[in-house]
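# Tertiary structure, described
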Amino acid sequence: MSLYITDECINCDVCEPECPNEAIYQGEEIFEIDPGRCTECVGHYDEPQCVEVCPVDCILPDPQRRESEETLYARYEALMDEAS
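Anyway, here's the lowdown on the structure attached to this text. (Residues numbered from 1 in each chain as written. Predicted model: local features only at pLDDT ≥ 70, side-chain atom pairs only at ≥ 80, totals over all residues. Heavy atoms only, no water.)

### A word on the nonpolar core
- Ranked by internal contacts, the top residues of the largest apolar core, which has 15 residues, are I5, C15, I24, I33 and I59.
- Put simply, the parts of the chain that give this core at least two residues each are β1 (3-5) and β3 (31-33).
- Apart from the residues within four sequence positions on either side, I24 is in contact with I5, C15, E16, C19, F31, E32, I33 and C50. (Core = buried A, V, L, I, M, F, W, Y, C linked by side-chain atoms within 4.5 Å. Buried < 20%, exposed > 50% of the residue type's maximum accessible area, 1.4 Å probe, protein only. Helix = DSSP H or I, 4+ residues; strand = E, 2+ residues; numbered from the N terminus. Contact = heavy atoms within 4.5 Å.)

Here you go:
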């Protein structure tokens, strides 16, 4: 499943540059994650990098978007094709 950022976000900006898919962006009030670009770092890293660096633990799995690792990997491949 993709991740989302809760309203506990303190807008510290450490997550955005860590995202290899450029899925994290500044929303109106807090940072947000584009679920169409989030792969939970599948294809890049073993763990989601945004979760690793978040100082307030406000990045969680989105229960509205349950996706298998295969689906996340397919999204990773599509994003890599798009980038080339």
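### Focus: unusual backbone geometry
- At D13, a position not held by glycine, the phi torsion is positive, near 70°.
- Take D13: it is sitting in the loop between β1 and β2 (24-26).
- Residue classification places D13 among the partly exposed residues on the basis of a relative accessible area of 36%.
- Phi is positive for E40, close to 55°, though the residue is something other than glycine.

### Some points on a negative patch on the surface
- Taken together, the side chains of D7, E8, E28, E29 and E32 present a region of like negative charge at the surface.
- The exposure class assigned to E29 is exposed, which follows from its relative accessible area of 67%. (Patch = residues over 30% accessible without salt bridge, like charges linked within 9 Å, V, L, I, M, F, W, Y side chains within 5 Å. Areas by Shrake-Rupley, 256 points an atom, 1.4 Å probe, with all protein chains shown as cover. Salt bridge = Lys/Arg side-chain N within 4 Å of Asp/Glu carboxyl O. Lys, Arg positive; Asp, Glu negative; His and termini not counted. Charge placed at Lys NZ, Arg CZ, Asp CG, Glu CD.)

### Let's talk about the pattern of salt bridges
- Scanning the entire structure with this criterion turns up 3 salt bridges.
- D62 is paired through a salt bridge with R65; the nearest N and O atoms lie 3.6 Å apart.
- R65 sits in the partly exposed class, given a relative accessible area of 39%.
- For R75, the salt bridge is made with E67, and the minimal N-O distance between the two is 2.3 Å.
- The exposure class assigned to E67 is partly exposed, which follows from its relative accessible area of 23%.

### Side note on the packing of aromatic side chains
- In total, this model carries 1 aromatic pair according to the counting rule given.
- Each ring, one from Y73 and one from Y76, has its centre 5.3 Å from the other, and the planes form 45°; the classification is tilted. Of this pair, Y73 and Y76 both sit in helix α2 (residues 69-83), 3 residues apart, which is roughly one turn of the helix. (Phe/Tyr/Trp six-rings, centres within 6.5 Å; stacked < 30°, edge-to-face > 60°.)

### What to know about α2
- Spanning 15 residues, α2 covers 21 Å between terminal C-alpha atoms, matching the ideal 21 Å at 1.5 Å per step.
- Within α2 the residues assigned to the buried category are L72, R75, Y76 and L79. Along the axis of α2, the buried positions cluster into a sector of 105°, meaning they face one direction only. Within α2, the exposed residues directed more than 90 degrees away from the buried face are E70 and D81. (Expected span 1.5 Å × (residues − 1). Arc of directions from axis to C-beta.)

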